[in-house]
Amino acid sequence: MQVTIRSLLTACLVSSALLGMGNEASAAAKSVQEQKAEEACVVDPRGEILSLSCASCHGTDGKSVGIIPSFYGKSPEYLEAALKDFRSGTRYSTVMIRHAKGYSDEEIRLIAQYFGTVWQNNK
Amino acid sequence: MSQNISRRDFNKLLVSGVAGSALGLFGMARPAFAAQNRIVVIGGGFGGASAAKYLKKLDPSMSVTLVEPKAIFYTCPFSNWVLGGMKTMEDIGQTYTILKNKYGVNVIADTATGIDTVKSTVTLKSGKVLNYDRLIVSPGIDFKWNAIEGYSESVSNSSMPHAYQAGPQTVRLQKQLLAMKDGGTVLMCPPGNPFRCPPGPYERASLIAHYLKEKKPKSKIIILDAKDKFSKQGLFKKGWERLYPGMIEWRSGATGGKITGVNASSMSVMTEFGTEKGDVINIIPPQQAGKIAFDAGLTDASGWCPINPITFESIIQPGIHVIGDAAIAGAMPKSGFAASSQGKVVAASIIRLCQGKVPAPPSLVNTCYSLLGPGYGVSVAGVYKLTSAGIVEIPGSGGLTPMDADDDHLNEEAMFARGWYNNIVQDIWG
Ligand SMILES: Cc1cc2nc3c(=O)[nH]c(=O)nc-3n(C[C@H](O)[C@H](O)[C@H](O)COP(=O)(O)OP(=O)(O)OC[C@H]3O[C@@H](n4cnc5c(N)ncnc54)[C@H](O)[C@@H]3O)c2cc1C
């Protein structure tokens, strides 16, 4: 995982350098650019890409049409706590424990943030 | 990407693969920031329809064309339930109306017959030519028709169906089961790895047994397997003993399961140990990537398509992304869930690439539910990440329904299997 993130950052920095954002810009501007590149690379798209697969069981955006529980409209705090409880086994599950164990604390936070807000954009 | 790569190579891969194609360094002919973001998707199954829907859902400004000849797509998932008499063909038919009308996907009912990688065009059977900035190919599987002596497409369409692409094949196998006499023998012959849906043949044996137990209890099922072990084996064998004692016999490749040929007129199959006769014979032949992948030069010597695991872009043909069963996706099995997960990752990645941004590292998931009886479900789950060893399962995650799961748990999983189906088809086609 660390390898992935570090390499991604490398890729981000290389790409921003190639885009000509780095070299001639002033030191201050450069660090802002870099920060933006890091944010764009790591924060935003990761929450989305980590979350998309959940919909296969829970329905698009977490809005279930079947017997698997819906979590559409739940808050980030609720979702983060639920995923951590599944992961630790303090909350019983048939399958969620096996999924939740695939995500770090940070990833759970990103997922909770994504689903905890995606429904607000649909309004 | 199945072989290990060093960390330095991995870094290079990320830099050249992601940053490279983001910047258009891959084919110089390909503009980095495509003026129109025209995406063409070949195949409206689990992978292709997921990619098409999520491209439009995540960025409605994308121009997305989906090419699929079938007006109704019958899902392989739950086709075994049809054989068991628990679902109808109507229940498992999906259409493209909502993708077209609600999401604005341009759905073309046609077959892609050629891909021109220099001109970036796809030619259709009707003669129509489509231009693309990026192409997604999700054609599923084809069968290796010459692998089993005496077995051919025409034999599969008459006496010995494969029922491994759902539709008329499923109906044919079901009719044969309905027509079989009580006390008959069903022969099932699954292939070696890799193949579509590793637990599929064993779920099928279970649900055929469910049907036979109710209607034709003197009958039996013999599985002549090319393999020496199979997916969820312990869970299946335990379930078979509990639900269908004495009804299902499984022979491994090493103990005479491997078949060498079939004889359609005498309804028999040849193994290394002799000949077996069956009243119903279900041959599941060895497989390879769908034909268009071969025609477009996307396959390697294995018969499947090697891809850059970040964006699923072909490592042979830049600008073409291959997903689903046709792709070599590291530790991921060939499943509908996996194909859909890949379709979404590709959609998100392509949107980033079209915006001139670097895609996020992929996060991929699979779960295969299998039903052994109406109230008896088991599953295998996997969460996958990209590491320097390619797409691998995250240690400690995923895995099987516990061997000691109690009846309540098995019943819940059977219900969640139905819930999964309802949601995944809604998420893809609804
Ligand atoms: C019996 C059985 C049970 C299964 N059960 C499960 C399950 O419970 N869970 C699960 O996750 N998976 C299951 N699977 C596996 C699942 O069906 C496949 O892994 C999945 O369909 C792969 O998706 P795909 O997009 O690669 O191919 P497909 O879904 O097969 O889609 C390919 C599509 O491409 C179209 N196509 C092909 N060539 C062209 C062309 N040249 N031009 C235009 N269109 C073209 C085809 O018409 C087809 O519609 C099962 C499979 C079987 C056989």
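Our structure is the block above this text.
Residues numbered from 1 in each chain as written. Chains lettered and ligands numbered in written order. Predicted model: local features only at pLDDT ≥ 70, side-chain atom pairs only at ≥ 80, totals over all residues. Heavy atoms only, no water.

### With respect to the overall build of chain B
Thinking step 1. When you go through chain B residue by residue, the secondary structure sums to eleven helices and 26 strands.
Thinking step 2. For 430 residues, the compact-globule formula gives about 22 Å, and the C-alpha radius of gyration of chain B, at 22 Å, lands near that figure.
Thinking step 3. Its C-alpha atoms give chain B principal-axis dimensions of about 65 × 50 × 40 Å.
Thinking step 4. Put simply, of all contacts in chain B between residues at least 6 apart along the chain, 66% involve residues at least 24 apart. (Helix = DSSP H or I, 4+ residues; strand = E, 2+ residues; numbered from the N terminus. Rg over C-alpha atoms; globule rule 2.2 N^0.38 Å. Contact = heavy atoms within 4.5 Å.)

### Focus: the pairing of strand β11 (residues 185-189) of chain B
Residue and element names in this part refer to chain B.
Thinking step 1. The element β11 is extensively covered by neighbouring structure, given that five of its five residues are classed as buried.
Thinking step 2. The side-chain alternation of β11 yields two buried faces, one formed by Thr185, Leu187 and Cys189 and the other by Val186 and Met188.
Thinking step 3. Bridging between β11 and strand β12 (residues 220-224) involves four bridges; their strand directions are parallel. Opposite leucine 187, over in β12, you have isoleucine 222 as the bridge partner.
Thinking step 4. Taken together, β11, helix α7 (residues 200-215) and β12 form a β-α-β motif whose crossover is right-handed.
Thinking step 5. Bridging between β11 and strand β17 (residues 280-283) involves four bridges; their strand directions are parallel. Each bridged residue has a counterpart across the sheet, and for valine 186 the counterpart in β17 is valine 280. (Buried < 20%, exposed > 50% of the residue type's maximum accessible area, 1.4 Å probe, protein only. Pairing = 2+ DSSP bridges. Right-handed = clockwise from strand over helix to strand, strands pointing away.)

### Side note on the layout of surface pockets
Residues and elements named next belong to chain A.
Thinking step 1. Taken as a whole, the second largest pocket encloses approximately 670 Å³ of empty space.
Thinking step 2. Lining the second largest pocket are 31 residues, and of these His58, Pro69, Phe71, Phe86 and Met96 sit closest to its centre.
Thinking step 3. Among the residues forming the lining of the second largest pocket, the class breakdown is 22 nonpolar, six polar and three charged. (1 Å grid on protein atoms, 1.4 Å probe; cavity = no way out; pocket = protein on both sides within 12 Å on 5 of 7 lines; lining within 4 Å. Points joined across faces, edges and corners; volume = space filled by probe spheres on them. Nonpolar A, V, L, I, M, F, W, Y, C, P; charged D, E, K, R; others polar.)

### Some remarks on the packing of helix α10 (residues 336-354) of chain B against helix α11 (residues 407-429) of chain B
Residue and element names in this part refer to chain B.
Thinking step 1. In contact at an axis separation of 12 Å, α10 and α11 are set at 35° when each is read in the N-to-C sense. In this structure, α10 meets α11 at a crossing whose hand is left-handed. Here Gly336, Phe337, Ser340 and Lys344 of α10 lie close against α11, whose contacting residues are Trp420, Ile424, Asp427 and Ile428.
Thinking step 2. Split by residue class, the contact of α10 with α11 holds four nonpolar, two polar and two charged. (Axes fitted to C-alpha atoms, helices over the stretch in contact; angles between N-to-C directions. Left-handed = near helix turned anticlockwise from the far one by under 90°.)

### Here's the deal with the pairing of strand β2 (residues 63-67) of chain B
Put simply, side chains in a regular strand alternate between the two faces of the sheet.
Residue and element names in this part refer to chain B.
Thinking step 1. Within β2, four of the five residues are buried, which leaves it mostly tucked inside the rest of the structure.
Thinking step 2. Alignment of strand β1 (residues 38-42) against β2, held across five bridges, turns out to be parallel. Bridge pairing links arginine 38 to serine 63 in β2.
Thinking step 3. Each parallel crossover has a hand, and the one from β1 via helix α2 (residues 46-58) to β2 is right-handed.

### Digging into empty space enclosed by the protein
Residue and element names in this part refer to chain B.
Thinking step 1. Per the counting criterion, the structure on display carries four cavities of 30 Å³ or more.
Thinking step 2. Its volume calculated, the second largest cavity comes out at about 50 Å³.
Thinking step 3. Elements supplying a minimum of two residues to the lining of the second largest cavity: α8 (233-243) and β24 (376-387).
Thinking step 4. Examining the composition of the lining of the second largest cavity, we find that three residues originate from one element, α8, more than from any other.
Thinking step 5. Of the residues that constitute the lining of the second largest cavity, the class distribution is seven nonpolar, no polar and two charged.

### Structural notes on the side chain of aspartate 133 of chain B
Residue and element names in this part refer to chain B.
Thinking step 1. Residue position: aspartate 133 is located in the loop between β8 (129-131) and β9 (134-137).
Thinking step 2. Looking at aspartate 133, its side chain comes within polar contact range of the main-chain nitrogen of asparagine 37, at 3.4 Å.
Thinking step 3. A distance of 2.7 Å separates a polar side-chain atom of aspartate 133 from the backbone nitrogen of arginine 38. (Polar contact = N/O pair within 3.5 Å; in protein donor to acceptor, adjacent residues only side chain to side chain.)

### Considering the nonpolar core
It is characteristic of soluble globular proteins that their nonpolar side chains tend to be buried jointly.
Residue and element names in this part refer to chain B.
Thinking step 1. By size, the foremost hydrophobic cluster in this structure holds 111 residues, and its most contacted members are Leu55, Ile115, Val122, Leu135, Ile136, Trp420 and Trp429.
Thinking step 2. Of all the elements, α10 adds the most residues to this core, at ten residues.
Thinking step 3. In this view, leucine 55 contacts Ile39, Pro60, Met62, Val64, Ile136, Ala347, Ile350 and Ile351; residues no more than four positions away in its chain are not counted.
Thinking step 4. Residues Met180, Leu235, Leu243 and Trp250 belong to the second largest nonpolar core, which totals 30 residues. (Core = buried A, V, L, I, M, F, W, Y, C linked by side-chain atoms within 4.5 Å.)

### Let's talk about α2 of chain B
Thinking step 1. Spanning 13 residues, α2 of chain B covers 18 Å between terminal C-alpha atoms, matching the ideal 18 Å at 1.5 Å per step.
Thinking step 2. Residues of α2 of chain B that are buried include every one of Phe46, Gly47, Gly48, Ala49, Ser50, Ala51, Ala52, Lys53, Tyr54, Leu55 and Lys56 of chain B, and no others. (Expected span 1.5 Å × (residues − 1).)

### Things to note about the packing of aromatic side chains
Thinking step 1. Inspection of every chain in the model, using the stated rule, returns 16 aromatic pairs over all chains.
Thinking step 2. Ring centres 6.1 Å apart and planes at 70° place the aromatic pair phenylalanine 46 of chain B and phenylalanine 73 of chain B in the edge-to-face group. Of this pair, phenylalanine 46 of chain B sits in helix α2 while phenylalanine 73 of chain B is found in strand β3 (residues 73-74), placing the two residues 27 residues apart along the sequence. Both residues of the pair, phenylalanine 46 of chain B and phenylalanine 73 of chain B, count as buried.
Thinking step 3. Pairing tyrosine 202 of chain B with phenylalanine 236 of chain B gives two aromatic rings, centres 6.1 Å apart and planes at 55°, and the pair type is tilted. Of this pair, tyrosine 202 of chain B sits in helix α7 while phenylalanine 236 of chain B sits in helix α8, and the two are 34 residues apart along the sequence. Each member of the pair, tyrosine 202 of chain B as well as phenylalanine 236 of chain B, carries the same accessibility label: buried.
Thinking step 4. Grouping aromatic residues by their ring pairs yields a cluster made of Tyr202, Phe230, Phe236, Trp240 and Trp250 of chain B.
Thinking step 5. Its end group placed over the ring of tyrosine 72 of chain A, lysine 63 of chain A keeps NZ or CZ at 4.5 Å from the ring centre. (Phe/Tyr/Trp six-rings, centres within 6.5 Å; stacked < 30°, edge-to-face > 60°. Lys NZ or Arg CZ within 6 Å of the ring centre and 35° of its normal.)

### Details of the pattern of salt bridges
Residue and element names in this part refer to chain B.
Thinking step 1. Using the criterion set out here, one finds 19 salt bridges over all chains in the structure.
Thinking step 2. With its nearest N and O atoms 3.3 Å apart, the salt bridge here joins arginine 134 to glutamate 313. Here arginine 134, found in strand β9, pairs with glutamate 313, found in strand β20 (residues 313-314); they are 179 residues apart in sequence, far enough to count as distant. There is no split in this pair, since arginine 134 and glutamate 313 are both buried.
Thinking step 3. Where aspartate 295 meets lysine 291, a salt bridge forms, and the shortest distance between an N and an O atom there is 2.9 Å. (Salt bridge = Lys/Arg side-chain N within 4 Å of Asp/Glu carboxyl O.)

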